[in-house]
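Report on the structure
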Amino acid sequence: MMGGMAGLEGMEQPRPRRDTAAARWGIPEGDEDIAPAPRKPVSAALDLVGEPTLGEVRLPSRPQSAGIARRLTAAVLLKQWSLTPQLTEHAVLLVSELVGNAVRHTGARTFGLRMLRRRGWIRIEVRDPSRGLPCLMPVQEMDISGRGLFLVDKLSDRWGVDLLPRGKTTWFEMRIADR
């Protein structure tokens, strides 16, 4: 477990207690935990939302979608790709940060999530319609915000932002041991 995760709980607030979006997506409330969710909601998320390894999955740009994105990431990495719980936990945390940035800072109605695997690597992408670039804050300015990219920088092997004709893709890659 990493130290210093305690400061992350406040990142997704304010959170309405019962939003119809969560109900519409069939996702149970209370997704504050970062640990991979139990089996049932994970497969339910994949069934409802789509398969992020086959193509981009579109999600509504609202705080609840971070929970859906976390569940999708956990489902793909643990179940389909059989990666380690440690790597999965880090990837789930980073997906949460990228989705949080897309939801908070872009004003978009939706964002896209995609997961790719090739020999020795996984890559996870979050695409949004804003061309505003996220910036990595100096550590002393991170008290209130800016922790997200700091974590992405620390826990991923590579990350970056690709500008698109309309919007951008923020991505990270992690090395994996291919069995």
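So, a few notes on the structure that sits alongside this text.

Analysis parameters
Residues numbered from 1 in each chain as written. Predicted model: local features only at pLDDT ≥ 70, side-chain atom pairs only at ≥ 80, totals over all residues. Heavy atoms only, no water. Helix = DSSP H or I, 4+ residues; strand = E, 2+ residues; numbered from the N terminus. Expected span 1.5 Å × (residues − 1). Buried < 20%, exposed > 50% of the residue type's maximum accessible area, 1.4 Å probe, protein only. Pairing = 2+ DSSP bridges. Axes fitted to C-alpha atoms, helices over the stretch in contact; angles between N-to-C directions. Contact = heavy atoms within 4.5 Å. Core = buried A, V, L, I, M, F, W, Y, C linked by side-chain atoms within 4.5 Å. Salt bridge = Lys/Arg side-chain N within 4 Å of Asp/Glu carboxyl O. Phe/Tyr/Trp six-rings, centres within 6.5 Å; stacked < 30°, edge-to-face > 60°. Lys NZ or Arg CZ within 6 Å of the ring centre and 35° of its normal.

Here we look at helix 3 (residues 64-80)
Here helix 3 spans 24 Å end to end across 17 residues, near enough to the 24 Å set by a 1.5 Å rise per residue. With 14 of its 17 residues buried, helix 3 lies for the most part within the structure. Phi turns positive one or two residues past the end of helix 3, at Ser 82, with a value near 50 degrees.

With respect to helix 4 (residues 85-105)
Its 21 residues give helix 4 an end-to-end C-alpha distance of 30 Å, which sits within 8% of 30 Å, the value for a rise of 1.5 Å per residue. Counting buried positions along helix 4 yields 17 of 21 residues, so the element is predominantly enclosed.

Details of the sheet that holds strand 5 (residues 168-175)
Pairing is antiparallel across the open sheet formed by five strands, whose spatial order is 1-2-3-5-4. Among the strands making up the open sheet, the edge pair consists of strand 1 (57-60) and strand 4 (158-163). When the angles between neighbouring strand axes are averaged without regard to direction, this sheet yields 20 degrees. Relative to strand 5, strand 4 is paired through six bridges, and the arrangement is antiparallel. Looking at the pairing, Leu 163 lines up with Lys 168 of strand 5. Running at roughly 15 degrees to strand 2 (residues 110-118), helix 3 makes contact with strand 1, strand 2 and strand 3 (121-128) of the sheet. Sitting on the sheet, helix 4 is in contact with strand 2, strand 3 and strand 5, with an inclination near 170 degrees to strand 5.

A look at the nonpolar core
Core analysis: the biggest nonpolar cluster contains 33 residues, and Leu 77, Val 99, Leu 113, Met 115, Ile 122, Ile 124 and Phe 172 have the highest contact counts within it. Of all elements in the fold, only strand 1, helix 3, helix 4, strand 2, strand 3, helix 5 (147-155) and strand 5 reach the threshold of two or more residues within this core. Broken down by element, this core gets its largest block of residues, nine residues, from helix 4. Other than its neighbours up to four places away in sequence, Phe 172 contacts Ala 91, Leu 94, Val 95, Leu 98, Ile 122, Arg 123, Ile 124, Val 152, Ser 156, Arg 158 and Trp 159.

As for unusual backbone geometry
Glycine aside, negative phi is the norm for most residues, and most peptide bonds take the trans geometry. Within the chain, Ser 82 stands out as a residue other than glycine whose phi angle is a positive 50 degrees. Its place among the elements puts Ser 82 in the loop between helix 3 and helix 4.

Details of the environment of Lys 168
Relative to the helices and strands, Lys 168 is located in strand 5. Judged by relative accessible area, which is 4%, Lys 168 ranks as buried. Apart from residues lying up to four places away in sequence, Lys 168 is in contact with Thr 106, Val 126, Arg 127, Asp 128, Ser 130, Gly 132, Pro 134, Val 161, Asp 162 and Leu 163.

Details of the pattern of salt bridges
Under the defined criterion, the tally for this structure stands at nine salt bridges. Residue Asp 162 is joined to Arg 123 by a salt bridge in which the shortest nitrogen-to-oxygen separation is 3.5 Å. Placement of Asp 162 in strand 4 and of Arg 123 in strand 3 is noted, with a sequence separation of 39 residues between them. Assessed through its relative accessible area of 33%, Asp 162 is described here as partly exposed. Residues Glu 173 and Arg 158 are paired through a salt bridge, measuring 2.7 Å at the closest nitrogen-oxygen approach. With a gap of 15 residues between them, Glu 173 in strand 5 and Arg 158 in strand 4 connect regions that are remote in the sequence.

With respect to the packing of aromatic side chains
The final tally for this structure, using the stated rule, is zero aromatic pairs. Across the ring face of Trp 171, the terminal group of Arg 123 is positioned such that the distance to the ring centre comes to 4.1 Å. Against the face of Trp 121 rests Arg 158, its NZ or CZ located 3.9 Å from the ring centre.

So, the pairing of strand 2
For strand 1 and strand 2, the ladder comprises four bridges, and the chain directions are antiparallel. Residue Pro 60 lies in a different strand from strand 2, and its bridge partner there is Thr 110. Hairpin geometry of strand 2 and strand 3 is characterised by an intervening segment of two residues between the two adjacent antiparallel strands and by a positive phi of about 80 degrees at Gly 120.

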